[in-house]
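One letter stands for each residue in the lines below.
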Amino acid sequence: MSEQRLILACRQGKLWARKEVYDQYAPSMMALCRRYVSDVEDAKDVLQEGFLKIFIEIGQYSGRGSFGGWIRKIFVNTSLDYMRKKNRLKQKELLTDVEIECFGSVPDLAEVTADDLIRCIDELPDTHRTVFNLFAVEGFSHREIAALLNIPESTSRSFFFRARQLLQKKVTELMDHK
C-alpha cells in the first residue's frame, strides 16, 4: 500500500491504518525513546504518548519531507517533553561533580560490542546523554539543540564534549574489565 493512502486512512481515523503505522514504526521509535529515557517502562509510556500525538496531529503533516522523518521529530520532541516534565534535563548540572580524565589515546574498540556501547551511553547523566543523542545520533546542530533545550549553543557544545569524554572513560573501563 502506498504511504499516501496509509496517511489518508489515518487522517480518516481508520484503525487498520493506525495499526499499520504503529507496526511499521514502533520498533525504531522505541529504540529512539530508549536513547533518551533509560527506564524501559517510562520509554513505553513515551512511545504510547508519541503515537497518540501522531494520530491526533496527522492532519498537520504537510507531505513535505518524509513521513518517517515527521514521525521521528514528534518522538524526539515527546521524549524531550518527558525529560522536562520529570525534571531530568538539568541545564545547570554541576559539571564539576563529574570527574573527567583526558586520555592521550583512543582505546581499540574492536572488543566493544554495540550493546556495550549502548549501555555506556545509557549510564551518562541525563542531560549529557540527551545532548549526545541529539547531536551524534539524530544529527541536530548545536544551534538546533540549544533551541530545543532552551540553553545557549555553547552549553550544548560543552555537554557534548563532556559526554564524549565520559563515554571514552566508560569504554576504557569496560575494556579493562574484559
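Calculation rules
Along each chain, numbering runs from 1 in the same order as the chain's sequence is written. Given that the model is predicted, a residue must reach a pLDDT of at least 70 before its local features are reported, and side-chain atom pairs must reach 80 or more before they are shown or counted; all residues, however, enter totals for whole chains, interfaces and linings. Only hydrogens and water are removed before side-chain values are computed, so all heavy atoms of the structure are retained for them. A run of H or I in DSSP becomes a helix once it reaches four residues, and a run of E becomes a strand once it reaches two; helices and strands are each numbered from the N terminus. Relative accessibility under 20% of the residue-type maximum defines a buried residue, over 50% an exposed one, and the middle range a partly exposed one, all with a 1.4 Å probe and only protein chains included. We call two residues in contact when some of their heavy atoms are within 4.5 Å. Method for areas: the Shrake-Rupley scheme with a 1.4 Å probe, in which residue coverage is limited to the protein chains shown. Structural elements are reduced to axes, namely lines fitted to C-alpha atoms, with helices fitted over the stretch in contact, and the angle between N-to-C directions of any two is expressed from 0 to 180 degrees. Relative orientations are named as follows: roughly parallel for angles under 35 degrees, roughly antiparallel for angles over 145 degrees, roughly perpendicular for angles from 65 to 115 degrees, and oblique for any other angle. A crossing counts as left-handed when the near helix is turned anticlockwise from the far one by less than a right angle, and as right-handed when that turn is clockwise. Only Asp, Glu, Lys and Arg are considered charged in this grouping, and only Ala, Val, Leu, Ile, Met, Phe, Trp, Tyr, Cys and Pro are considered nonpolar; every other residue, Gly among them, is considered polar. For this document, the term salt bridge refers to a Lys or Arg side-chain nitrogen within 4 Å of an Asp or Glu carboxyl oxygen.

A closer look at the overall build of the protein chain
Helices and strands together make up the secondary structure of the protein chain, namely 8 helices and 0 strands. Listing each helix as α and each strand as β along the protein chain from the N terminus yields α-α-α-α-α-α-α-α. Scored against the burial criterion, the 178 residues of the protein chain give a buried share of 39%. Put simply, of all contacts in the protein chain between residues at least 6 apart along the chain, 72% involve residues at least 24 apart. In the form shown here, the protein chain has an accessible surface area of approximately 10,400 Å², with 52% of it arising from carbon and sulfur atoms.

A word on the packing of helix α1 (residues 3–11) against helix α2 (residues 15–36)
When two helices pack together, their arrangement is captured by the angle between the axes and the distance separating the axes. Two numbers describe how α1 lies on α2: the axes approach to 8 Å, and their chain directions differ by 125°. In terms of orientation, α1 and α2 fall into the oblique class. Once α1 is placed against α2, the crossing between them reads as left-handed. Taken together, the residues of α2 that come into contact with α1 (itself represented by Glu3, Leu6, Ala9 and Cys10) are Trp16, Ala17, Arg18, Glu20, Val21, Gln24 and Tyr25. Grouping the constituent residues of the contact of α1 with α2 by class yields 7 nonpolar, 1 polar and 3 charged.

A word on the pattern of salt bridges
The final tally for this structure, using the stated rule, is 14 salt bridges. A salt bridge links Glu49 to Lys85, with the shortest nitrogen-to-oxygen separation between them at 3.6 Å. Of this pair, Glu49 sits in helix α3 (residues 40–57) while Lys85 sits in helix α4 (residues 67–85), and the two are 36 residues apart along the sequence. The salt bridge involving Arg129 is made with Asp126; its shortest N-O contact spans 2.9 Å. Of this pair, Arg129 and Asp126 both sit in helix α6 (residues 126–137), 3 residues apart, roughly one helical turn. The exposure classification of Arg129 matches that of Asp126, with both residues buried. Salt bridges linked by common partners bring Glu49, Lys53, Asp81, Arg84 and Lys85 together as one network.

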